[in-house]
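Remarks on the overall topology
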Amino acid sequence: MKVSRLAFLAAVFGVCPAAASPAGDIAGTWECRLPGIEYRNRPPILYVAETGESQVTIEVDGFAREIYGRSEMAADQGGWWRVKPAQGQEFMIRPDGSAKQRTPAMGLRFADSKSDYRCLRLPPSGVPSAVVPLLQQGVPPAGEQGAPPAIDLGASPPPTQSEGDALKKE
């Protein structure tokens, strides 16, 4: 009897969304900072590439440890995900799914760290940073259907009416 109830509840509610791997959601380049630490030019960077449903490829730059390679991800308590890389120390991540933020964010935690890193996703390479907020708002890039006209900053302005008349008289 209890088994049929569990089967019924599973059929009605489906798989719990918390059990779904965030591998696709965390793919990208992340700039990570510890609270209270001043980074001059280069804060630590986390590179994540999706390689499967519960696998990602990880590389880090600027952390005081070496971590890289194909990594297994497993759900942990409190919305955290345990990441076990091919090379280096295991760590945990927690994607921040709040809709209030314009830039995707996540927490990153090492077992030996006193506090959690706060990571923000950097814009994709090749996209000027001024365009990224527009893309997140659904504004298409210049040149595409429905996009605002492109502005050529190097072009001279069109002649005014009085300048045009002066050119005709010459």
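My aim in this report is to walk through the structure given alongside it, one point at a time.

Each value, and the rule that gives it
- Residues numbered from 1 in each chain as written.
- Predicted model: local features only at pLDDT ≥ 70, side-chain atom pairs only at ≥ 80, totals over all residues.
- Heavy atoms only, no water.
- Helix = DSSP H or I, 4+ residues; strand = E, 2+ residues; numbered from the N terminus.
- Buried < 20%, exposed > 50% of the residue type's maximum accessible area, 1.4 Å probe, protein only.
- Contact = heavy atoms within 4.5 Å.
- Areas by Shrake-Rupley, 256 points an atom, 1.4 Å probe, with all protein chains shown as cover.
- Core = buried A, V, L, I, M, F, W, Y, C linked by side-chain atoms within 4.5 Å.
- Pairing = 2+ DSSP bridges.
- Disulfide = S-S within 2.5 Å.
- Polar contact = N/O pair within 3.5 Å; in protein donor to acceptor, adjacent residues only side chain to side chain.
- Axes fitted to C-alpha atoms, helices over the stretch in contact; angles between N-to-C directions.

**Quick word on the overall build of the protein**
Each helix and strand in the protein was counted, giving 4 helices and 8 strands. Reading the secondary structure of the protein in the N-to-C direction produces α-α-β-β-β-β-β-β-β-β-α-α. In the protein, which comprises 170 residues, the proportion classed as buried is 21%. Long-range pairs, those at least 24 residues apart, make up 32% of the contacts in the protein between residues at least 6 apart in sequence. Working note: accessible area of the protein is about 12200 Å², and carbon and sulfur atoms make up 55% of it.

**A word on the nonpolar core**
Among the nonpolar cores identified, the biggest contains 23 residues, and Leu-46, Ile-58, Ile-93, Leu-108 and Tyr-117 are the most heavily contacted of them. Those elements that place two or more of their residues in this core are α2 (23-26), β1 (28-33), β2 (45-50), β3 (55-61), β5 (81-84), β6 (91-96), β7 (105-110) and β8 (117-121).

**Focus on the pairing of strand β4 (residues 68-75)**
Two elements, β3 and β4, share 5 bridges in a ladder whose sense is antiparallel. The partner of Val-56 across the bridge, within β4, is Ser-71. Between the end of β3 and the start of β4, which pair antiparallel, lie 6 residues, with Gly-62 showing a positive phi angle near 95 degrees. Both β4 and β5 contribute to a ladder of 4 bridges, which runs antiparallel. Within β5, the residue paired with Ala-75 across the bridge is Trp-81. The antiparallel hairpin formed by β4 and β5 contains 5 residues in its connecting segment, where Gly-78 sits at a positive phi of about 70 degrees.

**As for the state of the cysteines**
In the structure shown here, the tally under the stated rule is 1 disulfide. Across the disulfide, Cys-32 is cross-linked to Cys-119 (sulfur-sulfur distance 2.2 Å). Between Cys-32 and Cys-119 the sulfur-sulfur dihedral comes to about 110 degrees; the bridge is accordingly right-handed. Here the residue Cys-32 occupies a position in strand β1, and Cys-119 occupies one in strand β8, the gap between them amounting to 87 residues.

**Overview of the side chain of Gln-55**
Here Gln-55 is to be found in strand β3. A distance of 2.4 Å separates the side chain of Gln-55 from the side chain of Glu-72, its partner in a polar contact.

**Some thoughts on the sheet that holds β1**
Ordered by their spatial adjacency, 8 strands build a closed barrel running β1-β2-β3-β4-β5-β6-β7-β8, and the pairing between neighbours is antiparallel. On average, adjacent strands in this sheet sit at an angle of 35 degrees to one another, irrespective of strand direction. Two strands pair when backbone bridges link them, and β2 and β3 are joined in this way by 6 bridges, in the antiparallel orientation. Opposite Glu-50, over in β3, you have Val-56 as the bridge partner.

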